[in-house]
Amino acid sequence: MEVVSCFMASSSLPHVSIKSIGSLPKPRNRSVVNLIPRNIYGLPKKNGGMSCTLFNRRIESLRPYYEINLRKRHQLSRNFVVRSELAGTGSHGAAFPLTDFQLGSKVRGICFYAVTSFVAIFLFVLMVVGHPFVLLFDRYRRKWHHLIAKIWATLTVYPFIDVQFEGLENLPEPDTPAVYVSNHQSFLDIYTLLILGRSFKFISKTAIFVFPIIGWAMYLLGTIPLKRMDSRSQLDCLKRCIDLVRKGASVFFFPEGTRSKDGVLGPFKKGAFSVAAKTGVPVVPITLIGTGKLMPVGMEAALNSGSVKVVIHKPIEGNNADILCEKARNAIADVLSLRG
């Protein structure tokens, strides 16, 4: 710690000395630094006493500023040290280098999206060309559009993923309306379900419809828009589903409402089963196994290698939404517990 003191010399000029106070031994000949306030011409000022007092006050007022600057410089040096240590992880001898498995998944994901985009552009043209005829002759089922969607999903999925189906005999006839429900684990679920070739209407967030090509194709397919946090939108969605089913179309629901991050089956919402109970159509449960491991939630840029299994359960009929919900969830949960 240092103390600034002021005294008057014999020449009546102010002098300032800086003395060191602390645990260190005091030297015999203490050095005195004379700081004489001068004017702009370098001459000593006449009112030395007043200038000395103001000078001391100025030094004391600036002391916190210098202390703050010292702290900032010390903190800045610490940040530089930490940053230099973290920067080493990107070097050749890093502690967590990118493994061959992760690199392969990244490359596979890039190829997957390249293929799906390339194929979608050409098939979308066919959808646009045939759309006027679809509106005239098949406004509700839209089989032509769903055939194109099946081709698109098949060309996209099969070069990268081995998809196996079980229980295809349980599927209703193509012209039979039904409510399909499934567990939801991954972005790949849509691709896998489109391969089935059934003309069911998905329910999707409204934001996806603005995506080029994919969103436009969903609009042509008759996908039902939904605002998740809007109760009025949810009610309109259920009304539209009931209307489509009564006119001979099928609808598809993910009763969990969102994708499962850990693969555990979540609670089912009863909207899909209310539609089935009010219209009298069967509920067809479907179990998807493996999609969450190939493309987990939050890792859509990568595609792991592996296979997917699709299990179609026997249709469930009834007019009680609670019972339909319980039976459908139990059927899916039992398969996931055994094979998932």
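In this text the structure is predicted, and so the values were computed from the model without any measurement. (Residues numbered from 1 in each chain as written. Predicted model: local features only at pLDDT ≥ 70, side-chain atom pairs only at ≥ 80, totals over all residues. Heavy atoms only, no water.)

Let's talk about the environment of Asp162
Point 1. Note on placement: Asp162 falls in strand β3 (residues 162-166).
Point 2. Residue Asp162 is classed as partly exposed on the basis of its relative accessible area, which comes to 41%.
Point 3. As a C-alpha pair, Asp162 and Ser307 span 145 residues in sequence and 4.6 Å in three-dimensional space.
Point 4. At 3.2 Å, the side chain of Asp162 forms a polar contact with the side chain of Gln164. (Helix = DSSP H or I, 4+ residues; strand = E, 2+ residues; numbered from the N terminus. Buried < 20%, exposed > 50% of the residue type's maximum accessible area, 1.4 Å probe, protein only. Polar contact = N/O pair within 3.5 Å; in protein donor to acceptor, adjacent residues only side chain to side chain.)

Some words on the pattern of salt bridges
Point 1. The final tally for this structure, using the stated rule, is five salt bridges.
Point 2. Arg259 is the salt-bridge partner of Glu300, the closest N and O atoms lying 2.8 Å from each other. Of this pair, Glu300 sits in the loop between α8 (291-294) and β10 (307-312) while Arg259 sits in the loop between β8 (250-253) and α7 (271-279), and the two are 41 residues apart along the sequence.
Point 3. Overall, Arg259 belongs to the partly exposed group, its relative accessible area being 28%. (Salt bridge = Lys/Arg side-chain N within 4 Å of Asp/Glu carboxyl O.)

Description of the UniProt feature "transmembrane region" (unreviewed entry) in the chain
Point 1. What UniProt calls "transmembrane region" (unreviewed entry) maps, in this numbering, to residues 112-137 and 202-222.
Point 2. Summarising residues 112-137: 100% helix, 0% strand, and an end-to-end C-alpha distance of 35 Å.
Point 3. Secondary structure within residues 202-222 divides into 38% helix and 14% strand; the distance between the first and last C-alpha atoms comes to 8 Å. (UniProt positions renumbered as here; feature names shortened; annotations may be inferred.)

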